[in-house]
Amino acid sequence: ALAFAERGASVVVNDLGGDFKGYGKSSSAADKVVDEIRAKGGKAVPNYDSVEDGEKLVKAALEKLVCKCKAIISNIIHRIHLRGSFLVTRAAWNHMKNQKFGRIIMTSSAAGIYGNFGQANYSAAKLGLLGLANTIAIEGRKYNIHCNTIAPTAGSRLTQTVMPQDLVDAFKPEYVAPLVVWLCHESCAENGSLFEVGAGWIGKLRWERSLGAIVRGKNQPMTPEAVRDKWEKVCDFDNASKPRTIQESISVLSDALSQIESQGNVSMNSTSSASVVSSSASIVGRKLGTNVYKYTHLEPILYALGVGMSTKDPDHLKFLFEGSEEFCCLPSFGVIPAQTSMFDGVPSLSGLNIDLAVFLYQNLSMYPCFVLTGELRSVSTVADILDKGSGAVLLIDVNTFCGKDLVCYNQFSLFFVGAGGFGGKRTSEKAKLTAAPPQRPPDAVISDVTTADQAALYRLSGDWNPLHVDPSFAALGGFKKPILHGLCTFGFAARNVLKQFANNDVNRFKAIKVRFAKPVYPGETLQTEMWKEGNRIHFQTKVRTVSSLVVCWKVTYSVPFNKAEGLQSNLVFEEIGRRVKEMGNELVKKVNAVFQWDITKDGKIAVQWTIDLKNGSGAVYQGPARNSADTTFTLSDEDFMDVVQQKINPQKAFFSGKLKVKGNIMLSQKLEMILKDYAKL
């Protein structure tokens, strides 16, 4: 309260005035603080209501002052620590919401975080506060209401009965208050965080989770013995993840289910047992036919609209307006001519008796390289056929040519429900395999709202399957209503990756691999999560519902982007990376900062590098900073080499406009020292 008043805040000092056991009532505790504030020229009023009467407390703040600070001394443990905090927050909530600003600090305890002998009730209440604060942080975010939690150690009436006096004096409240003041400042973006604080030290806490282990097989029971046998792995925190949201918490379960089921099956009604494969050997290697696809600028534009592009986003214009100087096709447009060729050949394949009404995409691999308009010839071949028991998987390779030039390769994996059980193999070395995503929070997340007519629009690109528009036909497949094309959700995901990590430069898009996990219904919101690892992007697209996220395109093989060719700076950063590996710990202690480099070529960013000398033992990697960069440098590849080779002074490069710096410019001096000492080439 004193710290807030010192910074000019008007303060309501709330204290019931009970003893350290929570009994009794007195005005002296609150009055003492108010008198001290007023004596220094500050504004403060006392309030002696119980925090269970939260409305009275907030009313005092609104009637007598402009803003509120609350100091709560315990009453009956749960009623005061937990319920009281809830009631005060609820009373203030609408006022904060209406003014589009609020800062709430919950006071937890180490006893709640770690537990403490003899304090079961207190520990439960204090950890309950953390759960309350985390939910408030989520619900308040869109109203600019932030909620954080502190677990302070400080001398007080409560602790003076258990601490020696010298410790009470050492753990002054003055060593806690500045953290609270900062967290309440309008410029502080921290939200949903937990801090331990005391004696002038502050530390941020987070959850950590082991990678865990799968302890059951498909269609097999889960036993205590299996848990015992995997216990060491369950408890192994090497390469642990650090989930920050409930979505990240449960996403591992989706990964586990996918691994257990091998390849993602979608629950559907069983179909006629007449769908069988009579001779897999005669099918593999069979050419399905050749299809010619003619297109003008109209088809790529229609496809772009079908996967959610809009003129509302200026970056999308190059894909929607044929008059744009940069007009081009989305790389994922390559599925359109390929699938037409595939569909024409599958129904007539002798030895294969399947029902096209009940097939699903499982996997897709593509390597695109397109001309803007023209005539394409696609050749489809059966690469392999697999028996998955409940269905058959057909691997189909499609090579698409413009004249004699190969412009696109696709591999489709089609799952035909009810066509399995013919005694074939379950796996194939010809299948393009997916890769698991990194076990860390995504580097970028983008959300898209699909429209109710998304499937109707996308089908105009050539996928006329009535499953996506006719309710009665969708019911045959076991769906409550028509579903969105799997390749439509794929298009949403692919364009988000292209924009986020390649600045919509289609020339940097090399290949993509995805696996279908669950259906999407038109009108649902898609959320694409992306991770950058070197020149490869991992991603997964989920359906956002009211209470959960359901994976629809599971991480995927990733999107490898073409590494910027001919950049000399790449060699420099690779060398710096080797040096950081050798002496990263020492560098982190000296520098304690994250530097991002945006290297340009022909006026456009060609590659990004990050030198992380702040976290762990340091790291150098290609791509933007995974958290936030302290300092970002932008300069051309040529100018970068001149600076490194000392042909030009960095300060001179800065003042001449060749070197642009964003963020903490003073930290660049540390980087210069490190480069001179350790990274001469």
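The name recorded for the protein chain in an unreviewed UniProt entry is Hydroxysteroid 17-beta dehydrogenase 4, from Serinus canaria. Under Pathway (unreviewed entry), UniProt gives the following word-for-word description of the protein chain: "Lipid metabolism; fatty acid beta-oxidation." Under the UniProt heading Sequence similarities (unreviewed entry), the note attached to the protein chain is "Belongs to the short-chain dehydrogenases/reductases (SDR) family."

K.L.:
Summarise the sheet that holds strand 5 (residues 194-198); cite the residues concerned and give the values.
P.N.:
Spatial ordering of the open sheet is given by 3-4-5-6, a layout of 4 strands whose pairing is mixed. For this open sheet the edge positions go to strand 3 (102-107) and strand 6 (201-205), each flanked by a neighbour on one side alone. Taking each pair of neighbouring strands and ignoring which way they run, the sheet shows an average axis angle of 30°. Bridging between strand 5 and strand 6 involves 5 bridges; their strand directions are antiparallel. Within strand 6, the position partnered with Val-197 by the bridge is Ile-202. Contacting strand 3 and strand 4 (145-152), helix 4 (residues 77-98) crosses the sheet at an angle of about 170° to strand 3.

K.L.:
I'd like to hear about the pattern of salt bridges, residue by residue, with values.
P.N.:
For the coordinates displayed, the defined rule picks out 19 salt bridges. With a closest N to O distance of 3.9 Å, Glu-375 and Lys-294 form a salt bridge. Of this pair, Glu-375 sits in strand 11 (residues 374-387) while Lys-294 sits in strand 8 (residues 287-295), and the two are 81 residues apart along the sequence. Classification of Glu-375 by relative accessible area gives partly exposed; the value is 44%. The exposed category is assigned to Lys-294, whose relative accessible area is 61%.

K.L.:
Any chance you could break down the packing of helix 4 against helix 6 (residues 120-140) for me, citing the residues and the numbers?
P.N.:
Where helix 4 contacts helix 6, the axes come no closer than 7 Å and their chain directions differ by 15°. With respect to their mutual orientation, helix 4 and helix 6 come out roughly parallel. Like other packed secondary-structure pairs, helix 4 and helix 6 cross with a definite hand, here right-handed. Contacts between helix 4 and helix 6 involve Ile-77, His-78, His-81, Leu-82, Ser-85, Phe-86, Thr-89 and Trp-93 from the first element and Asn-121, Tyr-122, Ala-124, Ala-125, Lys-126, Gly-128, Leu-129, Leu-132, Ile-136, Glu-139 and Gly-140 from the second. Partitioning the contact of helix 4 with helix 6 into residue classes produces 10 nonpolar, 7 polar and 2 charged.

Rules and cut-offs
Residues numbered from 1 in each chain as written. Predicted model: local features only at pLDDT ≥ 70, side-chain atom pairs only at ≥ 80, totals over all residues. Heavy atoms only, no water. UniProt positions renumbered as here; feature names shortened; annotations may be inferred. Pairing = 2+ DSSP bridges. Helix = DSSP H or I, 4+ residues; strand = E, 2+ residues; numbered from the N terminus. Axes fitted to C-alpha atoms, helices over the stretch in contact; angles between N-to-C directions. Contact = heavy atoms within 4.5 Å. Salt bridge = Lys/Arg side-chain N within 4 Å of Asp/Glu carboxyl O. Buried < 20%, exposed > 50% of the residue type's maximum accessible area, 1.4 Å probe, protein only. Parallel < 35°, antiparallel > 145°, perpendicular 65-115°, else oblique. Left-handed = near helix turned anticlockwise from the far one by under 90°. Nonpolar A, V, L, I, M, F, W, Y, C, P; charged D, E, K, R; others polar.

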